[in-house]
Every structure is written in C-alpha cells, then in structure tokens.
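Structural overview
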Amino acid sequence: MKLHHVQRAPVLQAIVLFCFSIYFIAVVASGAVYQYVHERHIPMLLFSAVLFLIIGIVYIQCAFRKKYTAQKPSHFLYLLIFFMPFIGVIVTLKQDFDFSALAYTDSLSEQSAIAPFFSNPETVKPALENGVIVMNDQNFAAWLTELYMQLDSWIGTKITVSGSVWKDQDYFAADEFAVARMMMLCCAADMQPVGFLAQWAEAKNLTDNDWVMVSGTVGKKQYDSSADPIIIVDSVKKIPRPQREYLYP
C-alpha cells in the first residue's frame, strides 16, 4: 500500500490513545495507581486501557483507507485539555502528603485533632487476635470506628497499630503524638488523616512523618464535651514506609 494514502489525523489520534493505554496499564502494574485512586477503580482503568487500544487500532485502519474522509483538524487547545488530567496525575505522584497540611484545626476543646473519618455504624465488628487489637490494612477502618464509637468497651485492651507520626505543638502535649494513616474513599482529593492520639514519655524523639509500630493500651482522653481514645504507649518501633501506605475502606 502506498504511503501517500496514509491520513495523518487518525494516526495522531491513535498514538494518543495508545499512550494512554500504555500509561494506565503501567501504573496498575507498578502499583503507583494506589497513590491517587481507590483500588476499586482498577478494573475501570484496565477496561479503559483496552478500550483505548481497540479504538486506536480502528483509527490506524482508517488512516490506510483510500476513501477516508478526514475530519476538521483539532486545535492545539483541545489536545492540551485532553492531556491535562495526565499532567495532573504526574504532579500528584511526585508529591508526598504531609499530615500537618491536611490535619483538622478545630480546637481540642470541641473535638480531637484526629477524628474518625470512617464512622459507618454498619461496619462489621472486628475481632481480637490473642486478646490484642491488631490493626492492619484490612481492619483499620473497622477498628477505628469501633474504638471511637464504643470506647468504654475497650479501655484497658492491648493494641498494636502502625502509621505515620504526626506532631503538633499547638494541640498536643510534649509527651503526645498522633499515629495516623491517610484514608482514601475515592481518590487522592478526598484523603483524610485518621488514627489515634498516643502518649509516650519519649515522644520528643519522634519526627513528623516517621513510620512507626506502636504497642500499648487503649485509654481515654476527656475533652470539655467528649472523650476520645488514646494509646498509652509501651513501645515504639520505627518501620519502613510501606509500599501501600494509604487505606482503602
């Protein structure tokens, strides 16, 4: 087939679609997708990748047809708008989330600095492991809800939880810090810090955004109009930042 019959417009459109298809597959395969969308969206991303690939193949076939009727060429502005979500994703992936930038700023006299973000009363009641509350990626939201809503039932229970350190001199005492995780319900735009206040005599040795495993006992901290759980710390162990650091309830 002669090369001069090739139509440039559908070829360019096919290239753009192939790029998006490859990108979607790459971020899912690498695990980077978990940084900015909920894991339940992965099937839709893969479906979109396959769909873009099929449409791109159709455009390539159209480009080699002798009787192809070309549409009006798209303006550069349209192409830029099409790529804007792609650019936004790249910027998001390169940024690390800081708890201090997203933390609640209400007075502790009204509510705690780390409030329960996932408070569905229908959450399945979690189970103890050998008499200990062990919070992991699968049950973090359930235990978070349980401890904030049924705190009196769990006071004195041993607990182990991993998360990132958040310190705030304006709200926390010198021996206090929060051990928290970022919870994503849909995408990076709706993430919120969730977790517990912890009390430890050596809290001054911790640094913001350190990842730690905290072991201790569930206690209660009373505010003017409410009470929230607090972990009376027995030990703190620094751990590496996990590959999947966000929660996806």
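Residues numbered from 1 in each chain as written. Predicted model: local features only at pLDDT ≥ 70, side-chain atom pairs only at ≥ 80, totals over all residues. Heavy atoms only, no water.

1. Considering the overall build of the protein chain
We count it as follows: A helix here means a DSSP run of H or I that spans at least four residues, while a strand means a run of E at least two residues long, and both kinds are numbered starting from the N terminus. Under the scheme applied here, a residue whose accessible area is under 20% of the maximum for its type counts as buried, over 50% as exposed, and between as partly exposed, the area being computed with a 1.4 Å probe on protein chains only. In this description, contact between two residues means that some pair of their heavy atoms is separated by no more than 4.5 Å.
Each helix and strand counted, the protein chain has 5 helices and 7 strands in total. Each helix and strand of the protein chain, ordered N terminal to C terminal, gives the series α-α-α-α-β-α-β-β-β-β-β-β. A total of 249 residues make up the protein chain; the buried ones form 39% of that total. The long-range share in the protein chain, meaning contacts at least 24 apart out of those at least 6 apart in sequence, stands at 73%.

2. Considerations on the environment of Lys220
As for its placement among the helices and strands, Lys220 is situated in strand E5 (residues 211–222). Sequence-wise, Lys220 and Asp152 are 68 residues apart; in three dimensions their C-alpha atoms are separated by 8.1 Å. Non-local contacts of Lys220, meaning those with residues more than four positions away in its chain, are made with Leu151, Asp152, Ile155, Ala227, Asp228 and Ile230.

3. Overview of the environment of Ala32
Tracing the backbone through its elements, the reader meets Ala32 in the loop between helix H1 (8–30) and helix H2 (42–63). Taking the C-alpha atoms as reference, Ala32 lies 8.9 Å from Arg244; in sequence the two are 212 residues apart.

4. Focus on a nonpolar patch on the surface
Threshold: Patch building starts from residues that exceed 30% relative accessible area and form no salt bridge, then joins like charges within 9 Å and nonpolar side chains (Val, Leu, Ile, Met, Phe, Trp, Tyr) within 5 Å. All accessible areas in this document rest on Shrake-Rupley with a 1.4 Å probe, and a residue is counted as covered only by the protein chains that are shown. By convention in these notes, a salt bridge is any Lys or Arg side-chain nitrogen within 4 Å of a carboxyl oxygen on Asp or Glu.
Nonpolar side chains collect at one region of the surface, where Met44, Phe47, Leu51 and Ile55 lie side by side and expose about 380 Å² of accessible area between them. Mapped onto the elements, Leu51 comes out in helix H2.

5. Some points on the nonpolar core
What counts here: Side-chain atoms within 4.5 Å link the members of a nonpolar core, which is a set of buried Ala, Val, Leu, Ile, Met, Phe, Trp, Tyr and Cys residues.
By size, the foremost hydrophobic cluster in this structure holds 28 residues, and its most contacted members are Ile133, Met135, Leu147, Phe177, Val214 and Ile231. Contributing elements (two or more residues each) for this core: helix H5 (140–149), strand E2 (158–166), strand E3 (176–183), strand E4 (192–199), E5 and strand E6 (227–238). The element that contributes the greatest number of residues to this core is H5, accounting for 6 residues. Once residues lying within four places of it in the same chain are set aside, the contact partners of Ile133 are Leu128, Trp143, Leu147, Trp154, Thr157, Lys158, Ile159, Thr160 and Val218. Core analysis: the second largest hydrophobic core is formed by 17 residues, Val33, Tyr36, Val37 and Met182 among them.

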